[in-house]
Amino acid sequence: MSEPVETTRVLIADDQPLVRRGLALILGPDPSFQVVGEADNGEQAVALAHRLRPDVVVMDIRMPVLDGVRATEELARALPECRVLALSTFDMDEYVVAALRAGAYGFLPKDSSPEDLVAAIHTVRSGEAAVAPRLLTRLISAYVRAPRPPQRPPVDLGELTPREVEVWRLIATGLDNNEIARALDISVSTVKNYITSIFGKLDVRDRAQAVIAAYESGLVEAEHRTTGESAAGDGRAR
């Protein structure tokens, strides 16, 4: 007898009815999802999330009344167990960085495949960041110059060990855990331990926020200025 499928409750928020209906049609046939509601603006999304308690909100960034970034910020503060997957028409969009800062667990461009959407929702539900590392790095490289929110203090690099700083830098250049382990000649489990410590010291929740913090602190730019030749030479930063 097969075990019952765990169902992820999903709320869809988008101001375009056709987009909402399309997302619902993608998720509806999958027994691992239950679309519990649809919202056409951020304010309605927040209200429905409080009432319906979805596991994941698929949130358009640009909506009337209350945009997706501000709605995400409200949900991250009031309903942290409700995870947001942000959607954007463009994958290079400053609002995506704002959404990650606000507490979104990841983002997808709206032209992503149904398979990518399904995978991203499962990833977000599990508490991981649903952003491809290299896409995330390219995005943040372009837009991280936006002012840091006043509630986020500057990063004190002195709180991290030299090895933690190196792991953090490799995260910010787009390497996954296996690639970091190979680059530093350590085990993947050791990398995971370092990352847990780094996230705690930086007060960040996931890889997305850690990369933002790396660019905001100047860590990546500083490393590229001082070791750019070696980074370009061994290919690991590409």
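Further up the page is the structure itself.
Thresholds applied
Residues numbered from 1 in each chain as written. Predicted model: local features only at pLDDT ≥ 70, side-chain atom pairs only at ≥ 80, totals over all residues. Heavy atoms only, no water. Helix = DSSP H or I, 4+ residues; strand = E, 2+ residues; numbered from the N terminus. Buried < 20%, exposed > 50% of the residue type's maximum accessible area, 1.4 Å probe, protein only. Pairing = 2+ DSSP bridges. Right-handed = clockwise from strand over helix to strand, strands pointing away. Polar contact = N/O pair within 3.5 Å; in protein donor to acceptor, adjacent residues only side chain to side chain.

## A closer look at the overall build of the chain
- Along the backbone of the chain there are eleven helices and five strands.
- Per-residue burial over the chain gives 45% buried out of 238 residues.

## Things to note about the pairing of strand β4 (residues 83–88)
- In terms of burial, β4 is a largely internal element, five of the six residues being buried.
- Inspection of the sheet shows strand β3 (residues 56–60) paired to β4 by five bridges, in the parallel sense. What sits directly across from Val58, in β4, is Leu85.
- Where the polypeptide runs from β3 across helix α3 (residues 68–78) and back to β4, its parallel neighbour, the crossover connection is right-handed.
- Both β4 and strand β5 (residues 106–109) contribute to a ladder of four bridges, which runs parallel.

## Some points on the side chain of Thr8
- Within the secondary structure, Thr8 is located in strand β1 (residues 8–13).
- Taking relative accessible area as the criterion, Thr8 reaches 3% and is therefore assigned buried.
- Reaching out from Thr8, the side chain makes a polar contact with the side chain of Arg125 at a distance of 3.0 Å.

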